[in-house]
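Take a look at the letters that make up each chain.
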Amino acid sequence: MSQPPQNAWKPSLLEARLPHLRRRAQLNAATRAFFTARNYMEVETPYAVPAPGEEVHLPVFALTPPGLYLNTSPEFAMKKLLAGGAGKIFQLARVWRNEPASPTHAHEFTMLEWYRPAASMTDLMDETEALLRAILPPSVTWGGVTTSLAVFERLTVAQAFSRYAGVDVLATADNAPALAAAAGCTLRNHESWEDLFFRLLLERIEPHIGRTHPTFLTHWPAAQAALARRDPADPRVAERFELYACGLELANAFVELTDAAEQRARFTTDRARRHQLYGTDWPLDEDFLAAVSHLPPCAGIAMGFDRLVMLATGAVRISDVLWLPTL
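My aim in this report is to walk through the structure given alongside it, one point at a time. (Residues numbered from 1 in each chain as written. Predicted model: local features only at pLDDT ≥ 70, side-chain atom pairs only at ≥ 80, totals over all residues. Heavy atoms only, no water.)

### Details of the overall build of the chain
To keep things clear, this is the line we draw: Runs of H or I in DSSP of at least four residues are treated as helices and runs of E of at least two as strands, each being numbered from the N terminus. Here the globule rule reads 2.2 Å times residues to the power 0.38, and the radius of gyration is calculated from C-alpha atoms. In this analysis, two residues are considered to be in contact whenever any of their non-hydrogen atoms come within 4.5 Å of each other. All accessible-area figures derive from a Shrake-Rupley calculation using a 1.4 Å probe, and residue coverage is judged against the displayed protein chains alone. We treat Lys and Arg as the positive residues and Asp and Glu as the negative residues; His and chain ends play no part in the count. Charge placement uses NZ in Lys and CZ in Arg. For Asp and Glu, CG and CD serve respectively.
Secondary structure assignment for the chain yields nine helices and 13 strands. Taken over C-alpha atoms, the radius of gyration comes to 20 Å for the chain, in line with the 20 Å a tight globule of 327 residues would show. Excluding contacts between residues fewer than 6 apart, the proportion of contacts in the chain whose partners are at least 24 apart in sequence is 65%. Entry remark: accessible area of the chain is about 14,900 Å², with carbon and sulfur atoms responsible for 55%. Measuring between centres, the 31 positive side-chain charges of the chain sit 5 Å from its 36 negative side-chain charges.

### Some remarks on the pattern of salt bridges
So the rule is basically this: The rule for a salt bridge is simple: a side-chain nitrogen of Lys or Arg has to be within 4 Å of a carboxyl oxygen of Asp or Glu.
Counting across every chain of the model gives 24 salt bridges. Put simply, glutamate 129 and arginine 154 hold a salt bridge, and the shortest N to O gap is 2.9 Å. Pair noted here: glutamate 129 is in helix α3 (residues 121–135) and arginine 154 is in strand β8 (residues 153–156), with a separation of 25 residues, a long-range link. Each of Asp126, Glu129, Arg133 and Arg154 takes part in a single network of salt bridges with overlapping partners.

### Considering the nonpolar core
Buried together is how nonpolar side chains tend to be arranged in soluble globular proteins. Just so we agree on the cut-off: Among buried residues, those of type Ala, Val, Leu, Ile, Met, Phe, Trp, Tyr and Cys that are joined through side-chain atoms within 4.5 Å constitute a nonpolar core. The rule is simple: take the accessible area with a 1.4 Å probe, protein chains only, and divide by the maximum for that residue type; under 20% is buried, over 50% is exposed, in between is partly exposed.
Formed by 45 residues in total, the largest nonpolar core has its most connected members in Trp114, Leu131, Leu132, Leu136 and Met303. If we skip the residues at most four places from it in the chain, leucine 131 touches Phe34, Phe35, Leu112, Trp114 and Met303. By size, the runner-up hydrophobic cluster in this structure holds 24 residues, among which are Val157, Phe197, Ile205 and Trp220.

### Description of a nonpolar patch on the surface
Stated precisely, the cut-off is as follows: Patch definition: residues above 30% relative accessible area lacking any salt bridge, with like charges linked at up to 9 Å and the nonpolar side chains Val, Leu, Ile, Met, Phe, Trp and Tyr linked at up to 5 Å.
Together, Trp9, Trp323 and Leu324 line one region of the surface with nonpolar side chains, adding up to about 400 Å² of accessible area. If you trace the backbone, tryptophan 323 turns up in the segment after α9 (305–313).

### Concerning the pairing of strand β9 (residues 215–221)
Note the cut-off: Note on pairing: two strands pair once DSSP finds at least 2 bridges between them.
Counting buried positions along β9 yields six of seven residues, so the element is predominantly enclosed. Pairing geometry for β8 and β9, over four bridges, is parallel. Bridge pairing links threonine 156 to threonine 218 in β9. When β9 meets strand β11 (residues 234–245), the two strands line up antiparallel, connected through six bridges. Bridge pairing links tryptophan 220 to alanine 238 in β11.

Honestly, it's all geometry; don't read function into it.
Structure (structure tokens):
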């Protein structure tokens, strides 16, 4: 794996990145203009937090002295502002995730998040389409794949598994042997239904979506959407979508859960699972849970801004679109 350059400030190295970085600055300004024109307010929330989230498999950076962590997302903080009555808000936030670096992932990166009261999943997909069309060219090319923004596909997870893996994924929920049999694959030692779900998603679904046109992958199994509301029309799934373009995952979105008791129960389950697997723990964010019960009906989305710049520029590595990439 290639590593970001040392001494990235040196004129010869900075000059090579400057075309991408100038485009990044343009996208930054265009993004702010887009949301300002739609009456969103830009907010800033803390980067050092006592609870960095409750996702089971997301490794974090702990700070010294103990008790604070670098945030993995501004989601909890922005929802607190929503609960307080801030209205439509957005943020270009720095976030940190202690995952292996790769051409498409840096430990520190920029997340574009926005939240809209009274929005449905359809409203949020419509707005996401409008944003990409406003700030990107009509088609983008990355990794040898060209994607037209003229049409966006909307595909449910169940439809995707049926089309590309030949299985009824919802009928097998929590039954790993049944999912493996339906998919015609061998269940690995200690592989859970969740593990197999994501293996099939990676191997059979993702290679086919978000290529000739962007794809919204919608209506995820309820167990895969810890902060999203269950779909009132089908409680087996949650109102969540992910967005893919040029085969690259760009965004993750929810119609937000506003039931504090259900949110606490989900967190309790996730915390027990995380502790069992990794032994990591931090205090439960009681302030966030108190805010959940005051959340208005709303939807929100997190988009990798650096990946958006990669699409706009065709940059091969995320380090090519960072002002000062670090190891």
